Amino acid sequence: MTLPLTSQASRRATAGAARTLLSAGGASSSSSSAGSSSSNTNTQRAFSTSHSSHAKPRKARVAADAAMNIRKLKAFQYDDIPTLGHEILDYNRDFLRVFRLVELELPKLAAFRQPFTGADLGAIIKLRFVHHQGETHPENRKVVLSVNVSELFSHPSSPLPTPAAKHKFLLLAGERYSPLAGLKDARDKLRIELARSTREGAVGWNGSELKSAEANLSDEQEEGLRNAWMGQVKIGGDRFPNERMNATWCLDTLQKLIHEANQRPEHMTNVPLDPRPQLARDARAHAFGRSNAVSLRDFPSEWLS
């Protein structure tokens, strides 16, 4: 049995013998092919190799040849303004442009100046707009119109001059009518008027009237307010993309209701009002009776002793 040679000299000898055999085989094959066909020529391809230390990754070679290679850039010579400086200049240009408009263009609007007339405190129509501090939200286009029925029916020149017209108006309003809506605001308004009539001097504007003792209503006043209160009609709209369009739609709907209520209202006097919408509101407000459920306050204190 012959053991394999493991020394470096033995491996070199084996590699040299293998190369000799390969070269001899290649020569014999080329001579045989030349003898069989004289037209065929023996072509050889030369290969050249370089040391592995000279090889570089592809990214390194591309980066070295790039025209904007950061390693080839020269040091900053302070001959230009940096990026932050350009941003400051752009901001100053925009600032000056706005001030130029204020100085030269806004005085031209003085020709269209009109005196401001504040809203009447007794206005019967209120429009509530929704905004989210400048953030875009689908609810921004929603508008809710509210009007007190008592103000529509307070005097003969009102939009609803007769009780029959008022009854038909409430029938047409349907679920938009709430008998108790707006009662709290009416109570606060009455309390403020009562406090201002009894107090002397200036009255605070931040709700201090409601904190005074003179603003408390008696039982007779509270009962009279409840009996005289006729409820409120609310109309909300968000079908249009703009809040002004929705406000116009709410106003037009209210005008149509008033116009239709004044058309032969005596024919609808025998039709009663539907109380189910108000009953549903009361049920939702009281959470379907769960507000009266047993809580920790009902726990017997004698059990703790």
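Look a little higher up for the structure.
Everything numeric here is computed off the predicted structure, so don't read it as measured data.

(A) Quick peek at the sheet that holds strand β4 (residues 232-237). Judged by pairing direction, the sheet is antiparallel, and its four strands sit side by side in the order β1-β2-β4-β3 without closing on themselves. Here the strands that pair on one side only, and so sit at the sheet edges, are β1 (125-129) and β3 (177-178). The pairing of strand β2 (residues 143-148) with β4 spans six bridges and is classified as antiparallel. Counted as the bridge partner of S146 is K234 from β4. Seen against the sheet, helix α9 (residues 243-261) touches β1, β2 and β4 and runs at an angle of roughly 140° to β4.

(B) Structural view of the nonpolar core. L160, F169, V233, I235 and L254 are the most contacted members of the largest nonpolar core, which has 19 residues in total. For this core, the elements supplying multiple residues, two or more each, are β2, α4 (149-152), α5 (163-173), β4 and α9. A total of six residues in this core trace back to one element, the largest contributor, which is α9. Setting aside anything within four residues of it in sequence, one finds F169 in contact with L152, L160, V233, L254, L257, I258 and A261.

(C) Just the pairing of β2, in detail. Counting buried positions along β2 yields six of six residues, so the element is predominantly enclosed. Across the two faces of β2 the burial is the same, with V143, L145 and V147 and V144, S146 and N148 all buried. Strand direction decides the pairing type here: β1 and β2, joined by five bridges, are antiparallel. Note that in β2 the partner of F129 across the bridge is V143.

What counts and what doesn't
- Residues numbered from 1 in each chain as written.
- Predicted model: local features only at pLDDT ≥ 70, side-chain atom pairs only at ≥ 80, totals over all residues.
- Heavy atoms only, no water.
- Pairing = 2+ DSSP bridges.
- Helix = DSSP H or I, 4+ residues; strand = E, 2+ residues; numbered from the N terminus.
- Contact = heavy atoms within 4.5 Å.
- Axes fitted to C-alpha atoms, helices over the stretch in contact; angles between N-to-C directions.
- Core = buried A, V, L, I, M, F, W, Y, C linked by side-chain atoms within 4.5 Å.
- Buried < 20%, exposed > 50% of the residue type's maximum accessible area, 1.4 Å probe, protein only.

Read these as geometric descriptors, not functional statements.
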